[in-house]
Each structure stands twice: as C-alpha cells, then as structure tokens.
Amino acid sequence: MILVTGGAGYIGSHACIELLNAGEDVVVLDNFCNSNPASLDRVQEICGKPLVVVEGDIREQAAVEKLIIEHGCTAVLHFAGLKSVQDSVARPLEYYDYNVIGSHRLLRAMENTGVKKLIFSSSATVYGKPQFLPYTEDHPLNAINPYGRTKLTIEDMLRDQYVGDPTWSIGILRYFNPVGAHESGLIGEDPRGVPNNLVPFVAQVAIGRRDRLNVWGNDYDTPDGTGVRDYIHVMDLAAGHVSALKLLDTPRCFAVNLGTGAGSSVLEVVRAFEAASGKHIPYDVKPRRPGDIDAYYAATDYALRLMGWKATRTIEMMCSDHWRWQSSNPNGYG
Ligand code: NAD
Ligand code: UDP
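(A) Representation of the pairing of strand β4 (residues 75-78) in the model. Residues A75 and L77 of β4 are buried on one face, and the alternating residues V76 and H78, pointing to the opposite face, are buried as well. Inspection of the sheet shows β4 paired to strand β5 (residues 117-123) by 3 bridges, in the parallel sense. Following the sheet pairing, V76 is matched in β5 by L118.

Right, here's the structure in full:
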C-alpha cells in the first residue's frame, strides 16, 4: 500500500492514476486545503479501481502513524504542501508550517512505524539564479524565495536523515513546470482564485473567464524577449514517480530533475495554446514580475540513466490536453 499525501491535488491525482495502473494499492491523505475530493472520484472512474481516501493533515503525526499502521503502508509519495511563490512571500510562516513542519512530522511518523521509502516533490526553484544551463542536479542550490527555501530545507532534512540512517530510501524529484492534464479531460489543474501560473491563466482566457493575459516582460535575454521555462506534461511527470518508486527497493538517496530539457517562451506557449484551442488569446506586455528569471530548463540525462525515464509529450500535447480539461470543465471541479 502506497501512502500519497496531497493526492487530491493537481500532480498527486495524476500520479494516483499511474500508481493504480501500475497495480499499486493507494491511500490518499489530504486536507483538501487546495483541492476537491471530486478529483479522486474521477481518478477511480478513469482507472476502474478503488483507492482509499482519508481526510487529514500531515502535521497530525499521531493520526498519520495510525493511518500507516491501519493500511499497512510500505512507501510514501509526498505531494502535500503549499506551492505559490507569491503567496509564500506574503505568508512565510504558513509555508514553513505546512511544508517544513509538515514534512518533519510525516518523517517522524514514518520513522516510528518503520516505513523508510519516500518520494518527495521538490522543485527546480531550489537551483535559484542559473550559474549555467541546463540545470544539472549538481548545480549549486540557492533558493531565492520563501517557497523555494522550504523545499531546500526539506531536501536538506532528507539528505541528513539518510546520512543518519542509511537504511532509508529517498527520491527527491525536482519538477520543472508541470502543465496539461490526463487525456480523458476528467481531471486537471483547478487553481483557486486568479492563477499565478502561465498555462492555467491562458486556459482561463481561452474559456472566457479572464479577458486578457499579462505577459510579464518582453525584454529578457531570450530569443523573443519573453521568459523561457521547461514545461512538462503532468502525465510524464506522474510516470516519473512510478519509475522513481521502483528504485526504492535499495537504500539510497537521490535528487533528480523531471523536465523535458527544452524551453518554451511565453509567446510560444500562447501560440501553441491558440492552435490547440482554436481561441485567440489577447495579451498585453507588462513590466517584469519581481524575482523572475530569464530562462531555465532541465538537464535530463541523469533521469534517463538512473530511472530509464524521459518525458515524451510535446508542448502541443500539453496544450491540447489542458484545453480538453478546461473546456469540458469550465469551472474546474466546482
Ligand atoms: P496542489 O496544491 O494541487 O496539491 C497539493 C495537495 O496537498 C492539495 O490537495 C492540498 O489540499 C494538499 N495539502 C496541502 N497541505 C496539506 C497538509 N498539511 N496535509 C494534507 N494535505 C495537504 O499542488 P500540486 O501542483 O499538485 O503540487 C504538488 C507538490 O508538488 C507540492 O509539494 C508542490 O510544492 C510541488 N511542486 C509543484 C509544482 C507545480 O508547478 N505545480 C512545481 C514544483 C513542485
Ligand atoms: N507569465 C506571464 N504571465 C502570467 C503568468 C506567467 O507572462 O500571467 C510568465 C512568467 O513571467 C514566466 C513564465 O510565464 O516567464 C512561467 O511562469 P509560471 O508562473 O507559470 O512559472 P514559474 O515562473 O514559476 O516557473
């Protein structure tokens, strides 16, 4: 039985599909602070298999221990946490509480119940300002905002835990920019309030929930002047978790990038989304967003060497799958 924390969320729900399809049994622990339990009904509909859903908080250590014992969990995929850079600047204590303290309590619960296999959702944001590109896994780590620092703190805690007890097996997955949705269009990203991220915002312009996109800067040192990111299809990302889980039978601690290795600019994404949706996306160029980096993308050879995994879906597929979800669920799960 695999414990999936935050399994009702955007990435966790897609990972549940891959886990169920790989024949794993799944128990999701989620407090639904940023998700809707309907996502998990739809996961079960897609897979034709049940999973166990427990409403609860990773910071409730005793309850987590009870859950692990009751369900006989042998490994944990840990997605639960808060994820907005902007929000983390405004509410840093909340981010340290949910992310750092939450992960610490979860690790304690695992230690007390003898579960030593963990996959952790980290982020490319731990690399900070690029000293070279693509980011290889040994690029210096230098998070530049509170959200990134919580991820880096958790990574450090995990590396320390492995040194203290090398019978643990820990996979740290550094995600680049997840977009898209399961090809059924039944599940996808459902941001609360105004989306901060590019693709969910563009999708809401396409569906008519927002008037125009603001392009944050067109004077970056990139081919068309707009920011470049490594967008990765959420189903490729989900598959990466199943590949990583297979490695946990041997004690180890590794950190690996999950990206495609290729960057797309804001305007390239807008054009790909227009082609996928058949909708015009009007936009205005606005000043740079504070803290934004010109461009970054992943080195992908270590993921291939280590896990035999690589992303296969194109930016066109990301946009058309994202659009299928958005157009068949104009208001998300609500
Ligand atoms: P999400 O907000 O959709 O999912 C997170 C889930 O965790 C939600 O269902 C939320 O209700 C749950 N949760 C939060 N705090 C909890 C707690 N204390 N106890 C129990 N459940 C809790 O986010 P996502 O996009 O699916 O991201 C999943 C993970 O991946 C996060 O850790 C995030 O930081 C990381 N990540 C995301 C991105 C991205 O762009 N989406 C990029 C890099 C890393
Ligand atoms: N971006 C934009 N308008 C938006 C949201 C994002 O121009 O409404 C740009 C942003 O400046 C960056 C890229 O799109 O260059 C990706 O931003 P996102 O927030 O999705 O990811 P992150 O910057 O966290 O990698």
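(B) Molecular detail of the site of ligand 2. Not every one of the 15 residues close to ligand 2 is listed here, only the nearest: L198, N214, R229, R289 and D292. Measuring from an oxygen atom of ligand 2, one finds a backbone N or O atom of L198 at 2.9 Å. Within the side chain of R229, a nitrogen or oxygen atom sits 2.9 Å from an oxygen atom of ligand 2. Out of a free accessible area of 510 Å², ligand 2 has 91% covered by protein chains. A per-element tally of the shell around ligand 2 places strand β8 (residues 213-216) first, with 4 residues. Each residue belonging to the shell around ligand 2 can be placed in one class, and the counts come to 7 nonpolar, 5 polar and 3 charged.

(C) Looking closely at the pattern of salt bridges. Taken as a whole and assessed by the stated rule, the structure comprises 17 salt bridges. Residue R229 is joined to D292 by a salt bridge in which the shortest nitrogen-to-oxygen separation is 3.8 Å. Residue R229 is found in strand β9 (residues 228-229), and its partner D292 is found in the loop between β13 (283-286) and α10 (301-307); the two are separated by 63 residues along the sequence. R229 sits in the buried class, given a relative accessible area of 10%. With a shortest N-O distance of 2.7 Å, R324 and D321 are connected by a salt bridge. Linking R324 with D321, this pair stays in helix α11 (residues 315-328), spanning 3 residues, or about one helical turn. Residue D321 is classed as buried on the basis of its relative accessible area, which comes to 8%. Ionic contacts of the salt-bridge type, sharing partners, join the residues E155, D156, R159 and R174 into one network.

(D) Fine view of the nonpolar core. Ranked by internal contacts, the top residues of the largest apolar core, which has 46 residues, are V4, V43 and M307. Sequence-distant contacts of M307, that is, excluding residues within four places in its chain, are made with G240, S243, A244, L247, V256, L258 and Y302. I58, M157, L158 and A255 belong to the second-largest nonpolar core, a separate cluster that totals 25 residues.

(E) Broad picture of the site of ligand 1. Residues in close proximity to ligand 1 total 28 residues, the closest being I11, D30, N34, S35 and Y147. At a separation of 2.7 Å, an oxygen atom of ligand 1 approaches a polar side-chain atom of S35. Burial of ligand 1 by the protein amounts to 95% of the accessible area it has alone, namely 820 Å². Sorting elements by how many residues they give to the shell around ligand 1 places β5 first, with 3 residues.

(F) Structural context of helix α7 (residues 198-206). Within α7, 9 of the 9 residues are buried, leaving the element largely enclosed by the surrounding structure. Considering only its buried residues, α7 is in contact with β7 (177-179), β8, β10 (231-233), α9 (266-277) and α11. With its phi angle positive at about 95 degrees, G208 sits one or two positions after the end of α7.

Reading the values: rules and limits
- Residues numbered from 1 in each chain as written.
- Chains lettered and ligands numbered in written order.
- Predicted model: local features only at pLDDT ≥ 70, side-chain atom pairs only at ≥ 80, totals over all residues.
- Heavy atoms only, no water.
- Buried < 20%, exposed > 50% of the residue type's maximum accessible area, 1.4 Å probe, protein only.
- Helix = DSSP H or I, 4+ residues; strand = E, 2+ residues; numbered from the N terminus.
- Pairing = 2+ DSSP bridges.
- Near = heavy atom within 4 Å.
- Polar contact = N/O pair within 3.5 Å; in protein donor to acceptor, adjacent residues only side chain to side chain.
- Areas by Shrake-Rupley, 256 points an atom, 1.4 Å probe, with all protein chains shown as cover.
- Nonpolar A, V, L, I, M, F, W, Y, C, P; charged D, E, K, R; others polar.
- Salt bridge = Lys/Arg side-chain N within 4 Å of Asp/Glu carboxyl O.
- Core = buried A, V, L, I, M, F, W, Y, C linked by side-chain atoms within 4.5 Å.
- Contact = heavy atoms within 4.5 Å.

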